[in-house]
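Residues per chain, in single letters:
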Amino acid sequence: MVTVVMSSPKISSVNPATGDLLASFRCASELDVQDAVGRARRAQPDWHLLGLRRRIALIREFQKLLNENKAHIARLISQEVGKPYAEALSTEVLVVLDAARFLVENAFALLGDKYLAHGSWMTKSKRGWIRREPLGVIGIISPWNYPFSTPAIEALTALVAGNSVVLKPSEFTSLCALELESLLTRAGTAKDVLQVVLGDGATGTALVSSAIDKVVFTGSVQTGKQVARRAADRLLPTLLELGGKDPMLVLADADVDVASSGALWGAFMNAGQTCLSVERCYVHRKIYDRFVGLCAEKTRRLKIGNGLDSQTDIGPLIHEAQLRLVESHVIDAQARGARVIVGGKRLPELGANFYSPTILIDVSQQMRVMREETFGPVLPIMPFESEEQAVQLANDSEFGLAASVWTRDRRRGEKIAAKIAAGSIMINDVISCYGISEAPHGGVKASGIGRTHGSFGLEEMVGIKYVDSDLLPSLKKLWWYGYGPEFAGYMEQLTDLMFSRRRLKRLRAAVGSVRLVRRKGRL
Ligand code: NAD
């Protein structure tokens, strides 16, 4: 069953390649959102009681349906966001199928109760258990650039852990979210356990202000800060997956052909509208000219067009406002001395939202294109002289989502990884760590708080409960009242027994500690 909560004002899904209107919806009001959250709350206990095995079975069914409907969904993603159909398949559908595989294979082991061994013999008479319990209602707010995979992975993870979900997708990609809801409903999600509320920022604000138990937000730093401020008022837990300005470091010993191809895919995939895009490229001076030459030559071979055309490598930007932002970064860079060697212009003959893939050189750290998230098909390349300088340039950013290091010496790359402040570092690859379902995804600094994907993502969807079970119910504890004048002395002996480095002292303390056990007069 599809739950579309409606009221004014309106939002529209538009094909960014053609300008065709795909659908219009009314935005859910504050009351609509509260109503959806109330229904999700009432539905959640039964969903939890259903049990983990049944919820895992649902994820398996969802996976089957998604695979059967992959062509339809990839086509819809391409229509609503503009990315090539093949990219929609490889970077969204496939990634979600594998995330479902991860949950099916691991949720049982990761979410089950865990015995907690006690190290201190003072507490050996107790058994401890860690229990992972659903948080309740998870509010998910998602962006437009990965309109299917981002909300799908977050929703599947929340659901398998026994939560109910209210999802507020981007106002530009309502259709993909409704398709996700439809698949989950067909897979057997109980009524009201997963609801989609359509709308813009006001609907998102209403969701953060509603009686949810956690907000999982993916979007820009600016909006993320607003969400965090609002959530702080009532100490609502937040998971924030925000923007990036990912650096790529190409060392002198890198395979220049491979690294230049990686740079292009990393910078231009999804028209550069990927949180993990290569947004800054630093190349060792020795190979800089060759690297730039190869990037330029390969960029000229890329095909720009409608994502549904099988020849297309790069589609349009999501809308004109995004194009203007990208353009303003290139203009700012040129005004400060940068040179465009390929691209740097709109392509109106293709449509209003097309911008040519662009290579910029003679860039400096002060330019907007090196400091702010560009989120478009622009690759600024800058030379460096030493490893130290490369690391310093990489870390000179308010963001810290991901980074990549390119070298034939894998160990050297791994050593450099330790010096870069980012949530993920890839050696000789870009972006694809997002598709490794076991790997955590998330950033440091302004790029966010918390992790999605894998076991760490699952932990974000549960509350930890510690259950302590005493095995000697008829024994008053050694440390209870009735201290009297001797208790402090017994405790001194006990701490010596446990922590003194001198064997003789420990031996004497052992004898003294027996008195602690026999201590009379405990209340
Ligand atoms: P955005 O911040 O404009 O919007 C994100 C979502 O928040 C949308 O659903 C929007 O309607 C909603 N929203 C807007 N104002 C709100 C408010 N005040 N309160 C609550 N919700 C509100 O971002 P966008 O343009 O949709 O997406 C692009 C950004 O997302 C980029 O910065 C990109 O790097 C980031 N992103 C990050 C990741 C990640 O995993 N770190 C993944 C994808 C995208």
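Quantities reported herein were computed from a predicted structural model and do not represent experimental measurements.

## As for the sheet that holds strand β15 (residues 378-384)
Here's step 1: A sheet is described by the order of its strands in space; here seven strands give the open sequence β13-β14-β15-β12-β11-β16-β17, paired in mixed fashion. Each end of this open sheet is capped by a strand with a single partner; those strands are β13 (339-342) and β17 (424-427). On average, each strand axis in the sheet is tilted by 25 degrees relative to the strand beside it, whichever way the strands run.
Here's step 2: The sheet contact formed by strand β11 (residues 246-250) and strand β16 (residues 402-406) spans three bridges and is parallel. Each residue of the ladder has a partner; that of V250, found in β16, is W406.
Here's step 3: Packed on one face of the sheet, helix α9 (residues 256-268) meets β11, β12 (278-284), β14 (358-361), β15 and β16 and runs near 140 degrees to β15.

## Some remarks on helix α17 (residues 503-518)
Here's step 1: Here α17 contains 16 residues, and its C-alpha end-to-end distance of 23 Å stays within 8% of the 22 Å for a straight helix at 1.5 Å per residue.
Here's step 2: Where α17 bends most, at V511, the angle is about 30 degrees.
Here's step 3: Taken together, the buried positions of α17 are A509, G512, S513 and L516.
Here's step 4: Buried positions along α17 lie against α16 (487-499).

## What about the site of the ligand?
Here's step 1: Neighbouring the ligand are 28 residues, the closest being K168, E171, S220, E373 and H441.
Here's step 2: E373 is positioned such that a nitrogen or oxygen atom in its side chain is 2.6 Å from an oxygen atom of the ligand.
Here's step 3: When the ligand sits alone it has 860 Å² of accessible area, and the protein chains cover 88% of it.
Here's step 4: Of all the elements in the fold, those that place two or more residues in the shell around the ligand are α7 (201-209), β9 (214-218) and α8 (221-232).
Here's step 5: A per-class count over the shell around the ligand returns ten nonpolar, 13 polar and five charged.

## Let's talk about the pairing of β15
Consecutive side chains of a regular strand alternate in pointing toward one face of the sheet and then the other.
Here's step 1: For β15, the tally of buried residues reaches seven of seven residues, placing the bulk of the element in the interior.
Here's step 2: The alternating pattern of β15 places V378, P380, M382 and F384 and L379, I381 and P383 on opposite faces, both of which are buried.
Here's step 3: In terms of strand pairing, β14 meets β15 through three bridges, oriented parallel. Opposite I359, over in β15, you have L379 as the bridge partner.

## Examining a nonpolar patch on the surface
Here's step 1: Nonpolar side chains collect at one region of the surface, where L471, L472 and L475 lie side by side and expose about 250 Å² of accessible area between them.
Here's step 2: Tracing the sequence through the fold places L475 in the loop between β19 (462-470) and α16.
Here's step 3: Exposure remark for L475: the relative accessible area of 40% places this residue in the partly exposed category.

## A look at the side chain of K298
Here's step 1: Mapped onto the secondary structure, K298 falls in helix α10 (residues 285-300).
Here's step 2: Within polar-contact distance, the side chain of K298 engages the side chain of D257 at 2.6 Å.
Here's step 3: In contact with K298, other than residues within four places in its own chain, are D257, S260, S261 and L264.

## Looking at the nonpolar core
Here's step 1: Residues F62, F148, V250, F291, L379 and I381 are the most contacted members of the largest nonpolar core, which totals 122 residues.
Here's step 2: Here this core gathers at least three residues from each of two domains, domain 1 (27-116 + 126-242 + 455-465) and domain 2 (247-436).
Here's step 3: Setting aside residues no more than four positions away along its own chain, V250 makes contact with A259, C281, Y282, V283, H284, I287, F291, F384 and W406.
Here's step 4: Counting residues in each nonpolar core, the second largest holds 23 residues, with V33, V137, V197 and V208 among its members.

## Focus: the pairing of strand β10 (residues 238-241)
Here's step 1: Pairing of β9 with β10, which is carried by four bridges, proceeds in the parallel orientation. For V215, the partnering residue across the bridge sits in β10 and is T238.
Here's step 2: Handedness of the crossover joining β9 and β10 through α8 is recorded here as right-handed.
Here's step 3: Where β10 lies against strand β18 (residues 448-449), two bridges are found, and the strand directions are antiparallel. Looking at the pairing, E241 lines up with G448 of β18.

## Some thoughts on empty space enclosed by the protein
Rolled over the atoms, a probe sized like a water molecule indicates the empty space that remains.
Here's step 1: In the structure shown here, the tally under the stated rule is three cavities of 30 Å³ or more.
Here's step 2: In this structure, the largest cavity occupies an estimated 90 Å³ of space.
Here's step 3: Lining the largest cavity, in full, are V95, A99, F102, L103, I153, T157, Y434, G435, I436, S437, H453 and G454.
Here's step 4: When residues of the lining of the largest cavity are traced back to their parent elements, those giving at least two are α4 (85-111) and α5 (149-160).
Here's step 5: Considering every element that reaches the lining of the largest cavity, the biggest residue donor is α4, with four residues.
Here's step 6: Of the domains in this structure, domain 1 (27-116 + 126-242 + 455-465) and domain 2 (247-436) are the two that each give at least three residues to the lining of the largest cavity.
Here's step 7: Along the walls of the second largest cavity sit D246, P247, L276, V278, A402, A403, S404, M426, D429, V430 and I431, which together make up its complete lining.
Here's step 8: Among the secondary structure elements, those contributing two or more residues to the lining of the second largest cavity are β11 and β16.

Reading guide: rules and limits
Residue numbers run consecutively from 1 along every chain, following the written order of its sequence. Where local features are concerned, this predicted model is filtered to residues with pLDDT of at least 70; where side-chain atom pairs are given and counted, the filter is 80 or more; whole-chain, interface and lining totals use all residues. Only hydrogens and water are set aside; all other atoms, that is, all heavy atoms of the structure, feed into the side-chain values. One requirement defines pairing of two strands: DSSP has to find at least two bridges between them. Secondary structure counts use DSSP, requiring at least four H or I residues in a row for a helix and at least two E residues in a row for a strand, with both numbered from the N terminus. Here an axis means a line fitted to C-alpha atoms, over the contact stretch when the element is a helix, while the angle between two N-to-C directions is reported on a 0 to 180 degree scale. Whether two residues are in contact is decided by their heavy atoms: any pair within 4.5 Å suffices. One less than the residue count of a helix, multiplied by 1.5 Å, gives the span that helix is expected to have. To get the bend at a residue, fit one axis to the 7 residues ending there and another to the 7 starting there, then take the angle between the axes. Accessible area is worked out with a 1.4 Å probe on protein chains only. A residue is then buried under 20% of its type maximum, exposed over 50%, and partly exposed in between. Nearness here has a simple test: a residue counts as near a molecule or strand if at least one of its heavy atoms is within 4 Å of that partner. Nitrogen and oxygen atoms within 3.5 Å of one another constitute a polar contact, given that in protein one can donate a hydrogen and the other can accept it, and given that sequence-neighbouring residues count only through two side-chain atoms. Residue-level accessible areas treat just the shown protein chains as cover; the underlying method is Shrake-Rupley with a 1.4 Å probe. Gly falls in the polar group here, along with every residue not listed as nonpolar (Ala, Val, Leu, Ile, Met, Phe, Trp, Tyr, Cys, Pro) or charged (Asp, Glu, Lys, Arg). What makes a patch is a set of residues exposed beyond 30% relative accessible area and free of salt bridges, joined within 9 Å when like-charged and within 5 Å when nonpolar (Val, Leu, Ile, Met, Phe, Trp, Tyr). Only one rule defines a salt bridge in this text: a Lys or Arg side-chain nitrogen within 4 Å of an Asp or Glu carboxyl oxygen. The nonpolar core is taken to be a set of buried Ala, Val, Leu, Ile, Met, Phe, Trp, Tyr and Cys residues, with the residues joined through side-chain atoms within 4.5 Å. Throughout, the edges of the domains are those of an automatic or database domain assignment. A crossover counts as right-handed when, viewed with the strands pointing away from the observer, the path leading from the first strand over the helix to the second turns clockwise. Using a grid of 1 Å spacing that covers the protein atoms alone, one calls a set of points a cavity when a 1.4 Å probe fits there but cannot get out, and a pocket when the set is open and has protein on both sides within 12 Å along at least five of seven lines; lining residues are those with an atom within 4 Å of a point. Grid points are joined across faces, edges and corners, and a volume is the space filled by probe spheres set on the points.

All quantities given are derived from atomic positions and should not be read as evidence of function.
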